Amino acid sequence: MARVVVEVMPKAEILDPQGQAIVGALPRLGFDGVSDVRQGKRFELDVDDSVDDAALEQIAESLLCNTVIEEWKVVRVS
């Protein structure tokens, strides 16, 4: 059994309204010095040895992200 993390983020050229809302709220809460925030998604999957990198790529591309506006990365953590 292994733990896999799939990180999904908006592509750099895509506007991130949630991130912009956070940037706007930080100074009002007394936090200065943050110029940009990008909000993404993190998925943690427990997989057995039969799940290879190709299968993980298919899972990420077909189910976990919208490849038109998001990019993803698979990280094996254990």
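Now for a look at the structure at hand.

Residues spaced three or four apart along an α-helix face the same direction, because each turn holds 3.6 residues. Here helix 1 (residues 17-28) contains 12 residues, and its C-alpha end-to-end distance of 17 Å stays within 8% of the 16 Å for a straight helix at 1.5 Å per residue. Here helix 1 has its buried residues at Gly-19, Val-23 and Leu-26. Considered in projection along helix 1, the buried side chains sweep an arc of 60 degrees and stay on one side of the axis. Those residues of helix 1 that are exposed and angled more than 90 degrees off the buried face are Pro-17 and Arg-28. One or two steps after helix 1, the chain reaches Gly-30, where phi turns positive at roughly 90 degrees.

Another point: the nonpolar core. Listed in full, the 10 residues of the largest apolar core are Ala-2, Val-4, Val-6, Val-8, Leu-45, Val-47, Leu-56, Ala-60, Leu-64 and Cys-65. Among the secondary structure elements, those contributing two or more residues to this core are strand 1 (2-10), strand 2 (41-47) and helix 2 (53-64). Counting residues per element, this core draws most heavily on strand 1, at four residues. For Val-6, the residues in contact, after removing those within four places along its chain, are Lys-41, Arg-42, Phe-43, Leu-45, Ala-60, Leu-64, Trp-72, Lys-73 and Val-74.

Criteria and thresholds
- Residues numbered from 1 in each chain as written.
- Predicted model: local features only at pLDDT ≥ 70, side-chain atom pairs only at ≥ 80, totals over all residues.
- Heavy atoms only, no water.
- Helix = DSSP H or I, 4+ residues; strand = E, 2+ residues; numbered from the N terminus.
- Expected span 1.5 Å × (residues − 1).
- Buried < 20%, exposed > 50% of the residue type's maximum accessible area, 1.4 Å probe, protein only.
- Arc of directions from axis to C-beta.
- Core = buried A, V, L, I, M, F, W, Y, C linked by side-chain atoms within 4.5 Å.
- Contact = heavy atoms within 4.5 Å.

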